[in-house]
Amino acid sequence: MDKSQAKPALTRSFDLLRALATDESGENRLTDLARRAGLTPSTALRLLRGLINEGMVDYDEGRRQYRLGIEFFTLAARAGNPGNLRDLCRPVLLRLSATLHDTLFLLVRSGFDAVCLDRSEGPFPIRSFTGDIGGRVIMGVGQGSVAILAFLPEAEREEVIRFNLPRLYDQHRLDEVFIRGEIAAVRKLGYASRSSGLLPGMAGIAVPILDREGQAVAALSMGTTTERLNGERMPIVADILKREAETVSRLVNPFDPVLRRPAASLSGV
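Keep in mind that this is a model prediction, so the values were computed, not measured.

Conventions used here
- Along every chain, residues carry numbers that run from 1 in the direction the sequence is written.
- In keeping with the model being predicted, local features are shown solely for residues with a pLDDT of at least 70 and side-chain atom pairs are shown and tallied solely at 80 or more, while totals for entire chains, interfaces and linings include all residues.
- Each side-chain value is worked out from all heavy atoms of the structure, with water and hydrogens disregarded.
- Lines are fitted to the C-alpha atoms to define the axes, a helix being fitted only along its stretch in contact, and any angle between axes, read from their N-to-C directions, falls within 0 to 180 degrees.
- In this description a helix means any DSSP run of H or I spanning at least four residues, a strand means any run of E spanning at least two, and both kinds are numbered starting from the N terminus.
- Orientation is classified from the angle alone, with under 35 degrees giving roughly parallel, over 145 giving roughly antiparallel, 65 to 115 giving roughly perpendicular, and any other angle giving oblique.
- Pairs of residues are marked as contacts when any of their non-hydrogen atoms sit within 4.5 Å.
- Residues are grouped as follows: Ala, Val, Leu, Ile, Met, Phe, Trp, Tyr, Cys and Pro are nonpolar; Asp, Glu, Lys and Arg are charged; all remaining types, including Gly, are polar.
- Stacked, tilted and edge-to-face are the three classes assigned to paired rings of Phe, Tyr and Trp, where Trp is represented by its six-membered ring and a pair needs centres within 6.5 Å; plane angles under 30 degrees give stacked, over 60 edge-to-face, the rest tilted.
- Classification of residues uses two cut-offs on accessible area relative to the type maximum, computed with a 1.4 Å probe and protein chains only: under 20% is buried, over 50% is exposed, and between them is partly exposed.
- Should the NZ of a Lys or the CZ of an Arg lie within 6 Å of a ring centre and within 35 degrees of the ring normal, that charge is described as sitting over the ring.
- Confidence per residue, as judged by the predictor, is encoded in pLDDT with a range of 0 to 100.
- The salt bridge criterion pairs a side-chain nitrogen of Lys or Arg with a carboxyl oxygen of Asp or Glu, the two atoms within 4 Å.
- Under this definition, polar contacts are N or O atom pairs within 3.5 Å; protein pairs additionally need one hydrogen-donor-capable and one acceptor-capable atom, and for neighbouring residues in sequence, both atoms have to be side-chain atoms.
- Helix span is expected to be 1.5 Å times the residue number reduced by one.

## Notes on the packing of helix H1 (residues 9-22) against helix H3 (residues 41-53)
Packed helices, taken two at a time, are described by the angle between their axes plus the distance between the axes.
Consideration 1: It is the contact of H1 with H3, at a shortest axis distance of 10 Å, that shows an interaxial angle of 85°. When the axis of H1 is compared with that of H3, the two are roughly perpendicular. Between H1, through Ala-9, Arg-12, Ser-13, Leu-16 and Leu-17, and H3, the contact on the second element is made entirely by Thr-43, Ala-44, Arg-46, Leu-47, Leu-48 and Leu-51.
Consideration 2: Classifying every residue of the contact of H1 with H3 by side-chain character gives seven nonpolar, two polar and two charged.

This is how it looks when you write it as structure tokens:
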């Protein structure tokens with residue numbers, strides 16, 4: 001008896017869906033899928049027909065290739081957290097600002113900038129690069145944007161750096177050596193904390209919120225005064241922010257439209 005037949009049909013169907021979802025070769029013919037899913041071609045064909053009937057899989061007759069169907073993505077879009085990224089992070093911001101007694105920000109990428117998606121005010125008056133909700137800052141300025149930039153896919157990160165270098169120098173006198181040094185430090189430590197000195201008396205620390213591929217979708221950032229973020233307090237705050245970010249990362253819905261269009265949630269679109 002074929003060992004694959006010992007598995008329930010539902011499990012074998014999910015094996016096929018995973019084979020379709022994780023393959024990068026583009027070779028999704030029947031024999032390819034059967035091999036990757038550990039099934040016989042006849043069993044794979046029978047299960048694929050059922051998945052096609054349910055809209056989970058599509059079949060390209062011309063190329064004799066299978067692909068995930070629109071119904072699969074429709075269900076996936078409804079999975080994960082019931083709200084969007086901003087809703088998911090709101091309790092985190094409130095909890096952190098209450099326990100740390102500082103101002104917390106949620107930042108996301110918007111093209112070559114970072115935008116403040118949400119903010120929870122602490123008791124100490126501070127100045128920040130983004131200001132209030134909806135404020136923007138060039139990617140590479142401030143701990144939150146650097147935390148996101150450091151964990152973008154390499155090609156995207158290079159594109160942002162090349163586009164922003166003239167803007168960074170013209171507006172803030174930040175050069176390529178400084179930016180790449182910041183990125184290297186964040187990737188090594190897992191958080192951004194060094195001050196550029198652009199806001200005298202102000203300090204901050206930020207950690208990325210990563211997706212399942214280890215790429216940044218947002219950043220949790222704390223703004224405070226330099227006196228409050230001393231060498232003793234900084235690693236403790238970093239660990240607290242990291243734990244919260246990891247919790248959010250596990251709940252992030254990869255189909256959240258906010259991850260693609262941050263301004264949409266700000267405008268209510």
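## Notes on the packing of aromatic side chains
How two aromatic rings sit relative to each other is given by the distance of their centres and the angle of their planes.
Consideration 1: Counted under the stated rule, the structure contains two aromatic pairs.
Consideration 2: An angle of 40° between the planes, with centres 4.6 Å apart, marks the rings of Tyr-59 and Tyr-66 as tilted.
Consideration 3: The class for Tyr-59 is partly exposed, based on a relative accessible area of 35%.
Consideration 4: Measuring from centroid to centroid gives 3.9 Å for Phe-112 and Phe-163, while their planes differ by 15°, and the two rings are stacked. Here Phe-163 lies in helix H7 (residues 154-172) and Phe-112 lies in the loop between strand S3 (103-110) and strand S4 (113-120), a separation of 51 residues in the sequence.
Consideration 5: One Lys or Arg, Arg-187, reaches over the ring of Phe-151 and ends 5.1 Å from the middle of that ring.

## With respect to the confidence of the model for the protein chain
Do not read the predicted coordinates in detail wherever pLDDT is low.
Consideration 1: With 86% of its residues at a pLDDT of 70 or more, the protein chain has an overall mean of 86.
Consideration 2: Summarising per-element confidence for the protein chain, the mean pLDDT is lowest in helix H10 (residues 262-267) (58) and highest in helix H6 (residues 143-150) (96).

## Observations concerning the pattern of salt bridges
Consideration 1: What the rule picks out here adds up to 14 salt bridges.
Consideration 2: For Arg-136, the salt bridge identified is with Asp-113, shortest N-O distance 3.4 Å. You can see Arg-136 sitting in strand S5 (residues 136-138) and its partner Asp-113 sitting in strand S4, a full 23 residues away along the chain.
Consideration 3: A relative accessible area of 42% places Arg-136 in the partly exposed class.
Consideration 4: Among the residues examined, Asp-113 registers a relative accessible area of 14% and is labelled buried.
Consideration 5: The network of salt bridges with shared partners includes Glu-158, Arg-162, Glu-176 and Arg-180.

## Focus on the side chain of Arg-119
Consideration 1: Positionally, Arg-119 belongs in strand S4.
Consideration 2: Given a relative accessible area of 15%, Arg-119 falls into the buried group.
Consideration 3: A distance of 2.8 Å separates a polar atom in the side chain of Arg-119 from a polar atom in the side chain of Glu-121.
Consideration 4: Non-local contacts of Arg-119, meaning those with residues more than four positions away in its chain, are made with Arg-90, Leu-93, Thr-103, Leu-104, Phe-105, Ile-126, Ser-128, Gly-131, Asp-132 and Ile-133.

## Structural notes on H1
Consideration 1: Over its 14 residues, H1 extends 20 Å from the first C-alpha to the last, a length consistent with the 20 Å expected when each residue adds 1.5 Å.
Consideration 2: Those residues of H1 that fall on the buried side of the exposure criterion are Arg-12, Ser-13, Asp-15, Leu-16, Leu-17, Ala-19 and Leu-20.

## Overview of unusual backbone geometry
Consideration 1: In the Ramachandran plot, His-101 falls in the positive-phi region, its phi being about 60° despite a non-glycine side chain.
Consideration 2: Unlike most non-glycine residues, Arg-173 shows phi in positive territory, near 60°.
Consideration 3: Secondary-structure assignment places Arg-173 in the loop between H7 and helix H8 (176-189).

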